Amino acid sequence: MTFSVTPMDPGEISRIRILPDAGFGTLRTDRGALPLDRLDVRARISGLVARTVVRTEFVNVHDVALEATYIFPLPDRAAVTGMTMTCDDRTITAELQERGKAREVYDRAIAAGQRASIAEEERPDVFTMRVGNISPGERVVVELSLVGPLPFEDGEATFRFPLVVAPRYIPGTPLSGTSVGDGWAPDTDAVPDASRITPPVLLPGFPNPLRLGVTVEIDPAGLELGEVRSSLHTVVDRDGTLSIGPGERANRDFVLRLPYAGGGETAIAVPDETAEQPEGVYQLVVLPPAGSAAPRPKDVVLLLDRSGSMGGWKMVAARRAAARVVDTLTGADRFAVLTFDHQVDRPQDLPAGLAEATDRHRFRAVEHLAKADARGGTELLSPLTEGLRLLGASEGRDRVLVLVTDGQVGNEDQIVRDVTPLIGTTRIHTIGIDRAVNAGFLGRLAALGAGRAELVESEDRLDEAMEHIHRRIGAPAVTDLRVTATGLTLVDDDRSPARLPGLYPGVPLVVSGRYTGRPVGELVVTGRTRDDREFRTAVAVQQRTEPAIEAQWARARLRDLEDAYAAGDHGLEHRIVATSLRYGVLCRFTAFVAVDSRVVNEGGETRRVTQPVELPDGWESPWDAPAMVQLASAPMPAAPPPSGPFSTFAAESSAGSGFDAAAGPGFAGGGIAAASPAGGRARRPGVRAAPAMMRASKARAATGGAPSLDDMRALAATEARRLREAAELPDWERRELLDDLASRLDVLVGSLDAAEFAPLRELVATLRSDAPTAEKWTAATDVLTAFAGAAGGPTTASAGGAPADPAGPTTGGGAERKAFWKR
C-alpha cells in the first residue's frame, strides 16, 4: 500500500532545525561512543491500535565490564507487554515480577558476574532500563514490546512516540543519604525518586550520540485512510512503510496524524481462555448524539505556565492558546487568569475572585497574557490549588479549569494527591505545549477532572488543538453516563475509566472493563443530555480473540489504581501487583528482568555509566537555563556553567573511566558524574542538605501517614459548603456530585480504622446504596456539617497547610527511606 505523506512546511522546519554536530561545549572521548549505540522504533498500526517494538543496542567500548543505565520515555497509554535480551547469539525472555523481587534478582545476577537487564516504570511515560555485565567489545540488544490505542477525534487518529525525557522541575528539600538513582537531581521530600527521572543532559553541540530509526507500517483495517501528516519529522514512504531519514536526533516526539473515515459504535468481548469460568475483557466505543441544548453559563479559571522551561516558541504558543481561551467566553460567563512560575500573578484591574467576562475584563486579561515571559521554576501545585478553590464557590454554573503548560515537574504524585479532594465537578482540560511534553502527567490531571488533554508540539498544531479545547470548554453533550449489559455481567470495580467522562461532540467514548459469563447480548449506555432528556444506545456484543484489547484495558486499569494509590489508598498495592502479573503488563510496582545463566564477568566488578539524553529541541541553551532546573534549596553557581542537568557532561568519576571533556570557553568538565564505580552513586556537587534543611526534612517526615482528624474536619466543612451551594441543581447533577463525593471520601478514610472517622465511612456506604438522591443529599449534608463542627467547630489547615503525606515518611535526615516507588 502507498500512502500520501505531507511533510513539514519550511517555516516549521526552520523552527526545529537541529544544531550542528560540533561546536561550543563539545565533548570527546578517547574510547569512542557512549553505551547506547542505536535506538530503533518499529510500529505497526492497525486501525486505532499501535503495536510497537523498541530496540536498544548497547556497546561496551571499554576494557572493563560495563553496566549501562538508560532513562527513556514511552507513550503514556501504551502497555509494555514483553522484553527480551540478546547477546552472543543467545536470546533471554524477561520475566515480569514484583518490582522489589525483580531488583533483587538483577542485583544478585550482576554480583555473580552474569549478564542481566531490567526495565522499570518510574512514571506512566518515563522508564529506566539497566543492562549489566556487558563484556568489553560486546553488543547487547534489549527489545521492549508495546501495544496501545491511538486517540481519535474529529475524524483523525494520532500516533505519538516520545523520544526524549525532558528536564523536570524538582521541588522540595534534598534528602540525606544515597540517592535511589543516577540522575542529576537529588531526591527530595516532595519527589523521593527525583534521581530516577532526571537523566544527565548533553550540551548543545555534542555529536549525535546514537543512531535513531523510526519506521511505521499502517493497515487502515477497513477504514478509509486519507492523507497522513507528519508533524515534526520529514518522513519518506518506502513501499508502504514510513520512516525518518538518517541523522535525526532523539530530541523531540515523533508524531503522525491519520485521517480516518468510517467506523461506528462497537462492543468487543475478548474471552480469557485460561480462566476456569467464562470471563474476559470488553471494550465499548460509543458515539455522541448529533446535537444538544445550549450550555449553561460557566466559570473558567485559566492557568498559564510562564516558568523557564516554557521559553522560546513554547511561550509564544502558550500566550496564543491562553488568549484563545479568553476569547471564547461570553458575557454570561465569569473567569480568572493566573500566570505562574515560582509565584502566582494576576492581571491588574481585575477582581480578586472570578470576574464577569465583559469586554473590558477580557481585554485586560489578554493584555496581561501578552506580557508574560518565561522565568523561574514550575511551582504548579499552588496555582492549581488556588484555581480549584476559586471554582469551588461556583453555583448553578459549569466549572472549568484550563491548564497551559509543558508539565515538566517531578512531583506529579504530590500534586495528584493534594488536588484530588478539591476537584469535585470541575472539568480540567490540559494543554501540553512542547516537543517532548510530560504527556502522562497532563493525562492524569485531565482524567481526574474528566476533561481533555491536548498536546501541541508545534505552532502549526496550535489552532487545531485550540479548536478542540474551545468545544470542550462548553458542557458535554451527555453526562451521568452508565454502562449496563444484557447477557453478561460487568465487573464494575474493574472498569476504566473509573469515573465516566461526558460525551463530547466529535469524540467517541471508549470504555473497557472485565465481564463474567458468556459474551453475548448487548452493552447499554444511558445518560442525560444537557436539556435533561434521556440518552440511550445499545450495542451488540461481538466475540473476538484480540490480545491488544486485553492489554490496553490492563494498562488503563493499572493507571486508575496507581492514581488512587497516589491519592492515599495504599491498600491497593497487592491488587495492583496482582493485576500487572496476571495480564503481563508492566506498572510502577513490577519490573521485567532477564538473566543469562552464564557467568561472563568473574567477581562482578563493573563500571556504571548513565546514558545522557538530548536537550529537547527548542529549549534554551544551558547558559541561559532558568531556575526551573535548580532546586530552590541548592546553592546557585557564581558563574556558568550552572549545576544540574545542563552541566557539561563529565562521563567520569574521580576513579576515571576514559572519558574527558573538551569544553568550550567558560565551561569546565566538572558537572554531573554520569559514570561511577560500582561501589556508589555519584551525587551532584553542592546539593547535600544543610543541617537546617535536614531538620526540616525530619519534621516533614514525622508528620507523614494518614490524614489527621483536623485535616478531615476542614475537608468536611468544604464538602458540606459545596453541597449547600449546589442544592438547587437538577437531580442528575446532584447524583453526579454525590458519586464524586463518595469516591473522594472512600480514598481518604476507607482504609482508616480510627473510630473518629466512622461517620464518614458510614456515609460512603449510604452514598453508594440505592437510596433516593434526595435522601442521600440530606444525609451527606447533615453528616459532613456535624463532622466538621465536632469538638469546637470547623478547623482549617495550618499556615503551612497541606495535609500530611498519606504515603508515610519518605525520609529526611537519618530516617529510613521507603522503597522509592512506594509513596
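First things first, this report covers the structure right here in the doc. Keep in mind that this is a model prediction, so the values were computed, not measured.

Across eleven bridges, the pairing between strand β4 (residues 49–59) and strand β11 (residues 139–149) is antiparallel. Looking at β11, one finds that E57 is bridged to V141. Here strand β6 (residues 79–87) pairs with β11 via seven bridges, running antiparallel. When the bridges of β11 are listed, A79 appears paired with V147.

It is worth spelling out the pairing of strand β7 (residues 90–93) at this point. Here four bridges tie β6 to β7, and the two strands are oriented antiparallel to one another. Looking at the pairing, T86 lines up with T91 of β7. Between the antiparallel neighbours β6 and β7 lie two residues, among them D88 with a positive phi of about 55 degrees.

Right, let's talk about the sheet that holds β11 for a bit. Read across the open sheet, the eight strands follow the order β7-β6-β11-β4-β3-β14-β18-β17; overall the sheet is mixed. Strand pairing shows two members of the sheet lacking a second neighbour, β7 and β17 (235–238), which therefore form its edges. Shown here is a sheet whose adjacent strand axes are inclined to one another by a mean of 20 degrees, direction ignored. Running over the sheet, helix α9 (residues 547–566) touches β4, β6 and β11 and is turned about 90 degrees from β11.

To summarise the sheet geometry, strands pair through backbone hydrogen bonds and adopt either a parallel or an antiparallel arrangement. Read from one edge of the open sheet, seven strands run β29-β32-β33-β20-β21-β31-β30, paired in mixed fashion. The sheet is open, and its two borders are formed by β29 (478–486) and β30 (489–496), each paired with just one other strand. Pairwise comparison of adjacent strand axes, ignoring direction, gives a mean angle of 30 degrees for this sheet. Summarising the sheet, strand β21 (residues 279–286) and strand β31 (residues 509–516) pair through eight bridges and their orientation is antiparallel. Within the sheet, the bridge partner assigned to G280 lies in β31 and is Y515. Where α9 meets the sheet, its contacts fall on β20 (266–271), β21, β30 and β31, and the angle it forms with β30 comes to roughly 55 degrees.

What follows covers the packing of aromatic side chains. To describe a pair of aromatic rings, one takes the distance between the centres and the angle between the planes. As enumerated under the stated definition, the model contains six aromatic pairs in all. Considering the side-chain rings of F159 and F254, the 6.3 Å spacing of their centres and the 70 degrees angle between planes classify their relative orientation as edge-to-face. A residue pair is termed long-range when its members are at least 10 positions apart, and F159 in strand β13 (residues 156–161) and F254 in strand β19 (residues 254–261) qualify at 95 residues. For F159, a relative accessible area of 4% gives the class buried. Note on F254: relative accessible area 1%, which makes it buried. Cluster of aromatic residues (ring-pair linked, three or more members): Y70, F72 and F127. Here R734 stacks its cationic end above the ring of W777, 5.2 Å away from the centre of that ring.

To continue, consider the environment of G155. Along the chain, G155 turns up in the loop between β12 (152–153) and β13. Using a relative accessible area of 25% as the deciding quantity, one classes G155 as partly exposed. Considered as a pair, G155 and V507 are 352 residues apart in the sequence and their alpha carbons are 8.8 Å apart. Residues contacting G155, with those up to four places away along its chain left out, are L258, P259 and Y260.

Criteria and thresholds
- Residues numbered from 1 in each chain as written.
- Predicted model: local features only at pLDDT ≥ 70, side-chain atom pairs only at ≥ 80, totals over all residues.
- Heavy atoms only, no water.
- Pairing = 2+ DSSP bridges.
- Helix = DSSP H or I, 4+ residues; strand = E, 2+ residues; numbered from the N terminus.
- Axes fitted to C-alpha atoms, helices over the stretch in contact; angles between N-to-C directions.
- Contact = heavy atoms within 4.5 Å.
- Phe/Tyr/Trp six-rings, centres within 6.5 Å; stacked < 30°, edge-to-face > 60°.
- Buried < 20%, exposed > 50% of the residue type's maximum accessible area, 1.4 Å probe, protein only.
- Lys NZ or Arg CZ within 6 Å of the ring centre and 35° of its normal.

In short, the description is geometric, and any link to function would need to be established separately.
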